[in-house]
Amino acid sequence: MSTAGGDDVEIAAAAPEDAGEILTVQRAAYLVEAQLYGDPFIPPLVESLDQMRKVLAGDAVVLKAVTGGRVIGAVRAQFSDRMCLVGRLVVVPDRQGAGVGTRLMRALEDEVAGRVDACVLFTGHLSEGNLRLYRRLGYTETHRERVAAHLTLVHMRKSLAQGPAAGPDPARTGRRR
């Protein structure tokens, strides 16, 4: 486990026994998204405990953020050829905006560097906080996809061909490993 930054948050690989806690964090985090889009049936809210366990037992990379024994965030990645498909970046509501999501994304990029050429992800068009975070991390919009009257997905990509820390990045300054 590595301590992220100067606080008490540790980033580590998640295991099947973390499924319940991660699902709880995921549901808490996605409630805001469900309200934003007026859709209580978005996939992260209806994912079952068994589905979560299968993800954690499979070949996906799933990282968790832990403080004081409490899981406060998670992110997952699956692979397609030399592409990392990032999904379900979640942080408990009381820790959002404190850098946990950034740390999870950086740790994920570090984990998959060398294995993939790029990371791709998507988020909803109304999710301004998510869009700001991903842009700050170096993701650029590739296209938009309207999937429902109330939802357009914004697809984004970040090249990792030269490594996750290619070029100067002030967000990484002072980060300890």
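Residues numbered from 1 in each chain as written. Predicted model: local features only at pLDDT ≥ 70, side-chain atom pairs only at ≥ 80, totals over all residues. Heavy atoms only, no water.

Participant: Give a detailed account of the packing of aromatic side chains, specifying residues and quantitative values.
Facilitator: Taken as a whole and assessed by the stated rule, the structure comprises 1 aromatic pair. Ring centres 6.1 Å apart and planes at 65° place the aromatic pair Y134 and Y139 in the edge-to-face group. The same class applies to Y134 and to Y139, which are both buried. Lying over the aromatic face of F79, R115 brings its terminal NZ or CZ to 3.5 Å of the ring centre. (Phe/Tyr/Trp six-rings, centres within 6.5 Å; stacked < 30°, edge-to-face > 60°. Buried < 20%, exposed > 50% of the residue type's maximum accessible area, 1.4 Å probe, protein only. Lys NZ or Arg CZ within 6 Å of the ring centre and 35° of its normal.)

Participant: Explain the pairing of strand β3 (residues 61-67) to me, using residue names and the numbers behind them.
Facilitator: Most of β3 is tucked away: 7 of the 7 residues are buried. Alternating positions in β3 separate into two faces, V61, L63, A65 and T67 on one and V62, K64 and V66 on the other, with burial throughout. Bridge analysis of strand β2 (residues 10-13) against β3 gives 4 bridges, and the strand direction is antiparallel. Within β3, the residue paired with I11 across the bridge is A65. Bridge analysis of β3 against strand β4 (residues 70-80) gives 7 bridges, and the strand direction is antiparallel. Bridged to L63 within β4 is V75. (Helix = DSSP H or I, 4+ residues; strand = E, 2+ residues; numbered from the N terminus. Pairing = 2+ DSSP bridges.)

Participant: Go over helix α3 (residues 49-57), please, and point to the residues and values.
Facilitator: In an α-helix, one turn spans 3.6 residues; hence positions three or four apart end up facing the same way. Every buried residue belonging to α3 is among M52, V55 and L56, and all of these are buried. Seen end-on, α3 carries its buried residues on one side only, within an arc spanning 95°. With respect to the buried face of α3, the exposed residues turned more than 90 degrees away are K54 and A57. Where α3 is buried, its residues touch α1 (19-37), β3 and β4. (Arc of directions from axis to C-beta. Contact = heavy atoms within 4.5 Å.)

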